[in-house]
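Results of the structural survey
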Amino acid sequence: KIIEAMAEPIDVGERTVHTSFSIGIALFPDDGHTPAALLKSADMAMYHAKESGRGSYRFFTHELNVQAVERLELDSRLREALHNREFAVHYQPQWSLQSGELTGAEALIRWNHRGEAISPARFIPVAEENGEIVAIGHWVLNEACRAAARWRAMGHELTIAVNVSPIQIRRDDMPKRVRGALAVSGLPANALELEITESLLMGDDSHAFGVLATLKEIGIKLAIDDFGTGYSNLAYLKRFDVDRLKIDQSFVRGIDTRPDAGAIVGAVIEMGKRLGLNTLAEGVESEPERAALHAAGCDDIQGYLLGRPMTEEALTQLLEKQAASRNK
Ligand code: C2E
Ligand code: MG
Ligand code: MG
């Protein structure tokens with residue numbers, strides 16, 4: 001009832017304001033014996049309500065507590081992972097659909113903690129919350145630039161793509177970090193692509209906009225990751241001088257059989273062409289998907305069909321093999 005009541009628009013002067021409400025509920029005595037303990041449980045339940053979409057409510061449960069404890073553990077282990085050299089960067093090849101050549105690679109972080117591989121999908125959100133992402137992101141950027149410079153020295157001119165968290169844009173001095181990584185590695189700016197998400201370009205974060213403009217001035221490329229899953233405010237595409245749209249895997253999966261997926265991907269590719277943007281399809285897993293993307297005029301693809309994320313050495317071998325077959 002409270003959520004429904006709060007969903008009613010409120011008139012403020014000439015404007016109508018919409019609000020949303022999330023509620024966490026804790027019950028005495030099961031969820032806490034003191035006011036402070038009850039509030040803490042209710043708070044945890046409220047965050048969970050927010051995560052599962054705004055405008056809902058959740059009761060505190062024992063599992064929530066277990067999750068919170070796990071998160072805390074991850075948090076403290078993350079703070080030592082860089083120092084203990086537990087991270088590695090893997091590289092996933094990107095291919096031109098028209099020429100079939102390997103034209104780029106995306107740097108993807110891997111965390112091996114005491115023999116257990118922890119997925120970035122699990123730990124990046126925690127690193128964003130505790131701020132560790134700034135140091136981790138800096139490390140990945142430097143590793144990736146160095147690897148790309150080594151490949152170029154061997155004659156392989158590929159673009160290296162690095163994922164950048166909104167937290168890095170907001171809290172770190174990214175232009176300084178990027179200039180530093182380029183200078184130390186000797187990599188030319190136009191061989192570096194930074195992947196950002198649509199959410200960063202939403203709203204009017206003037207600081208973020210300024211940082212992106214400065215990064216573009218340095219000469220790097222800008223790609224929108226997971227395109228189509230965010231708010232897709234199309235006006236930003238031209239405003240930020242974006243170079244590439246990475247079409248999210250959720251639209252690519254089954255593009256050959258699902259008419260709706262095919263229509264969305266087709267429209268994105270067409271829009272990219274009109275705006276002069278490169279389009280890359282993510283997560284291509286099957287030959288029919290590749291063929292459908294080729295027919296739709298997509299520029300590049302990345303996915304398990306043509307190559308999983310791999311170590312620097314493995315990608316070096318792949319590049320050498322490609323160069324050898326080209327010279328035959
Ligand atoms: P992303 O940037 O969209 O990366 C693509 C993800 O899709 C990677 O997962 C990749 O391994 C996976 N993938 C590639 N091809 C296929 C395919 O054919 N099928 C399927 N099912 N999956 C495929 P990964 O490596 O687990 O990374 C997950 C996410 O974590 C990334 O999504 C990115 O958002 C984030 N991430 C990874 N490394 C970094 C990093 O260094 N910094 C930041 N800020 N985020 C990172
Ligand atoms: Mg990415
Ligand atoms: Mg993606």
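As the structure is a computational prediction, the values presented were derived from the model and not from experiment.

**Concerning the site of ligand 1**
Among the 22 residues in the neighbourhood of ligand 1, the closest are listed as Arg-110, Asn-163, Asp-225, Glu-285 and Tyr-304. Here an oxygen atom of ligand 1 and a side-chain polar atom of Glu-106 are 3.0 Å apart. A distance of 3.2 Å separates an oxygen atom of ligand 1 from a polar atom in the side chain of Glu-282. Relative to its free-state accessible area of 800 Å², ligand 1 is covered by the protein chains to the extent of 80%. The dominant element in the shell around ligand 1, judged by the number of residues it contributes, is strand β6 (residues 102-113), at 4 residues. A class-by-class count of the residues in the shell around ligand 1 yields 9 nonpolar, 6 polar and 7 charged.

**Considering the coordination of the magnesium ion (ligand 2)**
Every protein donor of the magnesium ion (ligand 2) is accounted for by Glu-106 (OE), Asn-163 (OD1), Glu-195 (OE) and Asp-225 (OD), and the metal-donor separations fall at 2.0 to 2.3 Å. Sequence positions of the donors to the magnesium ion (ligand 2) reduce to the motif E-x56-N-x31-E-x29-D. Taken as a pair, the magnesium ion (ligand 2) and the magnesium ion (ligand 3) show a spacing of 4.1 Å, with Asp-225 coordinating each metal. Here Glu-106, found in strand β6, pairs with Asn-163, found in strand β8 (residues 159-163); they are 57 residues apart in sequence, far enough to count as distant. Since its relative accessible area comes to 30%, Asn-163 is described here as partly exposed.

**Digging into the pairing of β8**
Among the 5 residues in β8, 4 count as buried, and that is most of the element. Bridge count between β8 and strand β9 (residues 192-197): 4 bridges; the pairing is parallel. Residue pairing for β9: Ile-160 is matched across the bridge by Leu-192.

**With respect to the side chain of Asp-248**
When you line up the elements, Asp-248 lands in the loop between β11 (244-247) and α10 (249-252). Look at Asp-248: it is buried, it has no salt bridge, and the nearest opposite charge is Arg-253 at 7.5 Å. Discounting chain neighbours no more than four positions away, the residues touching Asp-248 are Asp-226, Phe-227, Thr-229 and Glu-282.

**Points about unusual backbone geometry**
Among all residues save glycine, negative phi is the norm, and among peptide bonds the norm is trans. Across the junction of Phe-28 and Pro-29, the peptide omega takes the value 0°, indicating a cis bond. Considering the arrangement of structural elements, one finds Pro-29 in the loop between β3 (23-25) and α2 (35-51). Despite not being glycine, Arg-114 shows a phi value in the positive range, around 45°. Checked against the element boundaries, Arg-114 lands in the loop between β6 and β7 (116-118). Although it is not a glycine, Asp-226 sits at a positive phi angle of roughly 50°. Classification of Asp-226 by relative accessible area gives partly exposed; the value is 27%.

**Points about the nonpolar core**
Judged by nonpolar contacts, the single largest core of 77 residues is most densely connected at Leu-192 and Leu-194. Top element by residues in this core is helix α5 (residues 133-153). It accounts for 11 residues.

Cut-offs and rules
Residues numbered from 1 in each chain as written. Chains lettered and ligands numbered in written order. Predicted model: local features only at pLDDT ≥ 70, side-chain atom pairs only at ≥ 80, totals over all residues. Heavy atoms only, no water. Near = heavy atom within 4 Å. Polar contact = N/O pair within 3.5 Å; in protein donor to acceptor, adjacent residues only side chain to side chain. Areas by Shrake-Rupley, 256 points an atom, 1.4 Å probe, with all protein chains shown as cover. Helix = DSSP H or I, 4+ residues; strand = E, 2+ residues; numbered from the N terminus. Nonpolar A, V, L, I, M, F, W, Y, C, P; charged D, E, K, R; others polar. Donors = N, O, S within 2.8 Å, 3.2 Å for Na, K, Ca; no water. Buried < 20%, exposed > 50% of the residue type's maximum accessible area, 1.4 Å probe, protein only. Pairing = 2+ DSSP bridges. Lys, Arg positive; Asp, Glu negative; His and termini not counted. Salt bridge = Lys/Arg side-chain N within 4 Å of Asp/Glu carboxyl O. Contact = heavy atoms within 4.5 Å. Core = buried A, V, L, I, M, F, W, Y, C linked by side-chain atoms within 4.5 Å.

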